[in-house]
Amino acid sequence: MSKVKKKIKSIKIDLEKCNGCRACEVVCSAFHASPKYSSNNPARSRIRMIRDPIRDVYLPVYAGEYAAAECMGRDKYVIDGKEYGECSFCRASCPSRDAFKEPDSGLPLKCDMCEDDPAQEKPLCVQWCLNDALIYEEREEEVEEEEKLGDVETGLESMVDKYGMQKIMDTVARLSKKG
Ligand code: SF4
Ligand code: SF4
């Protein structure tokens, strides 16, 4: 595989500054609505707040890769005396929980860093986080060239896992006849 220069985009999270306001969830779901900004529903957001005010836990987590099966082991973290529940830091859209799934279709959601044309100066959740809990960073790295899966491919992969390839092919054939 050949090496290519790639811009790596990341968002650093400062847990000390997050107050659980959920502005990041609102703007993410609105930006990804179709048409853009036509609605907002935090259940469709690609960033989710794990919020437990009694224990002073506020943890924004970005949707990562789709996982066809749940993992066998679970971790618990204690940071600065606060215990975070199992799966709290996990970014996967996986069968063991509802997080990072489109609520109507069940299709996986993944943070795309607000891909847009023209490009956003910074991801929307970073722009809307007035507490500066989300810090956007960019750097260049040489990486192996890899095929990037878009929303459609990831969604199809999850449907094939759920219903089987034959059923998906039959459905596509039936729909294309309807034209
Ligand atoms: S907008 Fe910032 S402060 Fe508000 S919940 Fe999201 S990360 Fe936390
Ligand atoms: S970077 Fe964009 S897509 Fe990713 S969670 Fe933030 S608002 Fe959503």
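Scroll up to find the structure this text is about.
Every value quoted in this text rests on a predicted model; they were computed, and no experiment measured them.

J.: What is the right way to read the overall build of the protein chain from this model?
T.: From N to C terminus, the protein chain includes four helices and six strands. From first element to last, N terminus to C terminus, the protein chain shows the α and β order β-α-β-β-β-β-α-β-α-α. Each of the three principal axes of the protein chain carries a C-alpha extent, and together these read 55 × 40 × 35 Å. A total of 179 residues make up the protein chain; the buried ones form 29% of that total. Taking contacts inside the protein chain between residues at least 6 apart in sequence as the whole, the part at least 24 apart equals 64%. For the protein chain, the accessible area works out to roughly 12,100 Å², and carbon and sulfur atoms hold 52% of it.

J.: How should I be thinking about the site of ligand 1 in this particular structure?
T.: The local shell around ligand 1 consists of Cys 18, Asn 19, Gly 20, Cys 21, Arg 22, Ala 23, Cys 24, Met 49, Pro 60, Cys 129, Asn 131 and Leu 134. Taken together, the residues of the shell around ligand 1 break down into eight nonpolar, three polar and one charged.

J.: Sorry, what's going on with the site of ligand 2 here?
T.: All residues adjacent to ligand 2 are Ile 11, Cys 28, His 32, Arg 46, Ile 47, Tyr 62, Cys 111, Asp 112, Met 113, Cys 114, Pro 123 and Cys 125. Considering only residue class, the shell around ligand 2 consists of nine nonpolar, one polar and two charged.

J.: Could you clarify how one ought to interpret the nonpolar core in this entry?
T.: Generally speaking, a soluble globular protein has its nonpolar side chains buried in company with each other. Core analysis: the largest hydrophobic core is formed by 15 residues, its most contacted members being Ile 11, Ile 47, Tyr 62, Cys 125, Val 126 and Leu 134. Those elements giving two or more residues to this core turn out to be helix H1 (23-31), strand E2 (47-52), strand E3 (57-62), helix H2 (124-128) and strand E6 (134-144). Apart from residues lying up to four places away in sequence, Val 126 is in contact with Ile 11, Leu 134 and Tyr 136.

J.: Could you clarify how one ought to interpret the pattern of salt bridges in this entry?
T.: As a working rule, side chains carrying opposite charge can pair if their charged atoms are close by. In this structure the tally under the stated criterion is 14 salt bridges. Among the salt bridges present, the one from Asp 104 reaches Arg 44, with a minimum N-O distance of 2.4 Å. In this pair, Asp 104 is assigned in the loop between strand E5 (82-84) and H2 and Arg 44 in the loop between H1 and E2, connecting sequence segments 60 residues apart. By relative accessible area, Asp 104 is classed as exposed at 64%. Arg 44 sits in the partly exposed class, given a relative accessible area of 27%. Close ionic contact of Lys 82 with Asp 56 constitutes a salt bridge, the shortest N to O distance being 3.3 Å. Taken together, the positions of Lys 82 in strand E5 and Asp 56 in the loop between E2 and E3 put the pair 26 residues apart, joining distant regions of the chain.

J.: Any chance you could explain a nonpolar patch on the surface here in plain terms?
T.: On the surface, a cluster of nonpolar side chains totalling about 240 Å² of accessible area is made up of Tyr 77, Ile 79 and Phe 89. Within the secondary structure, Tyr 77 is located in strand E4 (residues 77-79).

J.: Quick question: what am I supposed to make of the packing of helix H3 (residues 151-163) against helix H4 (residues 165-178) here?
T.: The relative placement of two packed helices is expressed as an angle between their axes plus a distance between the axes. Interaxial distance between H3 and H4 falls to 7 Å at its minimum, and their mutual angle equals 115°. Packed against H3, whose contacting residues are Leu 156, Met 159, Val 160 and Tyr 163, the element H4 presents Met 165, Lys 167 and Ile 168 at the interface. Across the contact of H3 with H4, the residue classes break down as six nonpolar, no polar and one charged.

The rules we used
Residues numbered from 1 in each chain as written. Chains lettered and ligands numbered in written order. Predicted model: local features only at pLDDT ≥ 70, side-chain atom pairs only at ≥ 80, totals over all residues. Heavy atoms only, no water. Helix = DSSP H or I, 4+ residues; strand = E, 2+ residues; numbered from the N terminus. Buried < 20%, exposed > 50% of the residue type's maximum accessible area, 1.4 Å probe, protein only. Contact = heavy atoms within 4.5 Å. Areas by Shrake-Rupley, 256 points an atom, 1.4 Å probe, with all protein chains shown as cover. Near = heavy atom within 4 Å. Nonpolar A, V, L, I, M, F, W, Y, C, P; charged D, E, K, R; others polar. Core = buried A, V, L, I, M, F, W, Y, C linked by side-chain atoms within 4.5 Å. Salt bridge = Lys/Arg side-chain N within 4 Å of Asp/Glu carboxyl O. Patch = residues over 30% accessible without salt bridge, like charges linked within 9 Å, V, L, I, M, F, W, Y side chains within 5 Å. Axes fitted to C-alpha atoms, helices over the stretch in contact; angles between N-to-C directions.

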